[in-house]
Amino acid sequence: MPTVLSPPENTDTEAASIGHEFLSGLPATRRNLLGAIRAVGRIAEFAFEPCGGFPGSDKHWRVRCRMCGWIGLRFYSHLRRFRPAMRHPGCVAADIRQKLLAALLADAVEVCPCARSHAVTTEEIAADLDALALLLDHGGGEAAAAAKADDLARQEELLTRLIGHCPAEIARGAAARLLH
Ligand SMILES: [Zn+2]
Ligand SMILES: [Zn+2]
């Protein structure tokens with residue numbers, strides 16, 4: 001059995017307060033958000049899904065293997081180069097992985113079919129990143145206290161649109177690769 005660890009204690013209060021289920025220990029900058037969108041899309045190509053916020057390439061990320069249900073820690077820097085033949089100890093037999101991967105990826109689509117829609121195209125992603133940057137920018141003003149609760153809800157909504165699970169997340173990751 002793999003050891004399942006809790007994410008490390010987060011001491012960065014700003015990062016901890018915003019979108020902790022999408023970004024772990026990272027501030028919600030455009031660069032980090034694009035990195036997380038790409039990473040979620042990339043691991044989906046190999047039938048992995050995030051179980052916690054994206055921590056960056058070289059930190060342990062809690063992920064779930066869709067082939068067998070295993071949950072454990074992986075480095076994205078390793079994961080993104082994985083082939084279905086190199087997953088984790090104890091996964092399904094290597095000779096059925098290609099078939100299983102194809103079956104699991106059969107539900108991947110190019111257009112978001114979700115009731116609460118996600119940003120998938122470069123235009124949608126860019127617009128949501130801009131909206132999020134604006135929100136994160138204007139903390140601390142006179143009206144900030146009153147707007148705080150609404151802002152946090154809006155931030156979570158934008159983060160969900162950008163990084164939340166979607167059957168189109170592979171297409172979303174590919175679109176995010178075209179943005180800087
Ligand atoms: Zn597995
Ligand atoms: Zn969706």
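Everything below is about the structure shown above.
Below or above, wherever it landed, is the structure these notes cover. These figures come from a predicted structure and were not determined experimentally.

1. Some thoughts on the nonpolar core
If you look at the biggest cluster of nonpolar residues, it comprises 40 residues, and the most contacted ones within it are L33, F48, W61, M67, I125, L162 and I163. Among the elements of the structure, α2 (30–45), β2 (60–65), α3 (76–79), α4 (94–104), α5 (122–137), α6 (144–163) and α7 (169–176) are those that each provide at least two residues to this core. Per-element accounting of this core gives the leading share, 7 residues, to α2. By size, the runner-up hydrophobic cluster in this structure holds 5 residues, among which are C112, V120, A168 and A171.

2. Let's talk about the sheet that holds strand β1 (residues 48–50)
An order of β1-β2-β3 is seen for the 3 strands of this open sheet, with the pairing classed as antiparallel. Taken across any chain shown, the strands that pair with only one partner, and hence form the sheet edges, are β1 and β3 (71–75). Pairwise comparison of adjacent strand axes, ignoring direction, gives a mean angle of 50° for this sheet. Two elements, β2 and β3, share 5 bridges in a ladder whose sense is antiparallel. Note on β3: the bridge partner recorded for W61 is R74. Along the sheet, α2 makes contact with β1 and β2, crossing β1 at roughly 150°.

3. Some points on the coordination of the zinc ion (ligand 1)
Those donors, C65 (SG), C68 (SG), H88 (NE2) and C91 (SG), are the protein atoms that reach the zinc ion (ligand 1), and they lie 2.1 to 2.3 Å from it. Around the zinc ion (ligand 1) sit 4 donor atoms, and with donor-metal-donor angles ranging over 101 to 121° the site reads as tetrahedral. With relative accessibility at 35%, the residue C68 sits in the partly exposed group.

4. Observations concerning unusual backbone geometry
Located in the positive-phi region is A47, a residue other than glycine, with phi close to 65°. With respect to the helices and strands, A47 occurs in the loop between α2 and β1. Judged by its relative accessible area of 0%, A47 falls in the buried class.

5. Quick look at α5
The α-helix winds at 3.6 residues per turn, so residues separated by three or four positions along the chain end up facing the same way. Counted at 1.5 Å a residue, the expected span for α5 with its 16 residues is 22 Å, and the 22 Å between its end C-alpha atoms agrees. Taken together, the buried positions of α5 are occupied by I125, A126, D128, L129, L132 and L135.

6. Side note on the coordination of the zinc ion (ligand 2)
Binding of the zinc ion (ligand 2) to the protein goes through C112 (SG), C114 (SG), H118 (ND1) and C166 (SG), at separations of 2.1 to 2.4 Å. Look at where the donors of the zinc ion (ligand 2) fall in the sequence and you get C-x1-C-x3-H-x47-C. Pair noted here: H118 is in the loop between α4 and α5 and C166 is in the loop between α6 and α7, with a separation of 48 residues, a long-range link. The same class applies to H118 and to C166, which are both buried.

7. Some thoughts on the packing of aromatic side chains
Applying the stated criterion to the full structure yields 3 aromatic pairs. Summarising the aromatic geometry, the rings of F54 and W61 are spaced 4.9 Å apart at their centres and angled 70° between planes, so their arrangement reads as edge-to-face. No difference in accessibility class separates F54 from W61, as the two residues are buried. Following the ring pairs from residue to residue traces out a cluster consisting of F54, W61 and Y76.

Each value, and the rule that gives it
- Residues numbered from 1 in each chain as written.
- Chains lettered and ligands numbered in written order.
- Predicted model: local features only at pLDDT ≥ 70, side-chain atom pairs only at ≥ 80, totals over all residues.
- Heavy atoms only, no water.
- Core = buried A, V, L, I, M, F, W, Y, C linked by side-chain atoms within 4.5 Å.
- Buried < 20%, exposed > 50% of the residue type's maximum accessible area, 1.4 Å probe, protein only.
- Helix = DSSP H or I, 4+ residues; strand = E, 2+ residues; numbered from the N terminus.
- Pairing = 2+ DSSP bridges.
- Axes fitted to C-alpha atoms, helices over the stretch in contact; angles between N-to-C directions.
- Contact = heavy atoms within 4.5 Å.
- Donors = N, O, S within 2.8 Å, 3.2 Å for Na, K, Ca; no water.
- Tetrahedral: all angles 85-135°; square planar, octahedral: opposite > 155°, others 65-115°.
- Expected span 1.5 Å × (residues − 1).
- Phe/Tyr/Trp six-rings, centres within 6.5 Å; stacked < 30°, edge-to-face > 60°.

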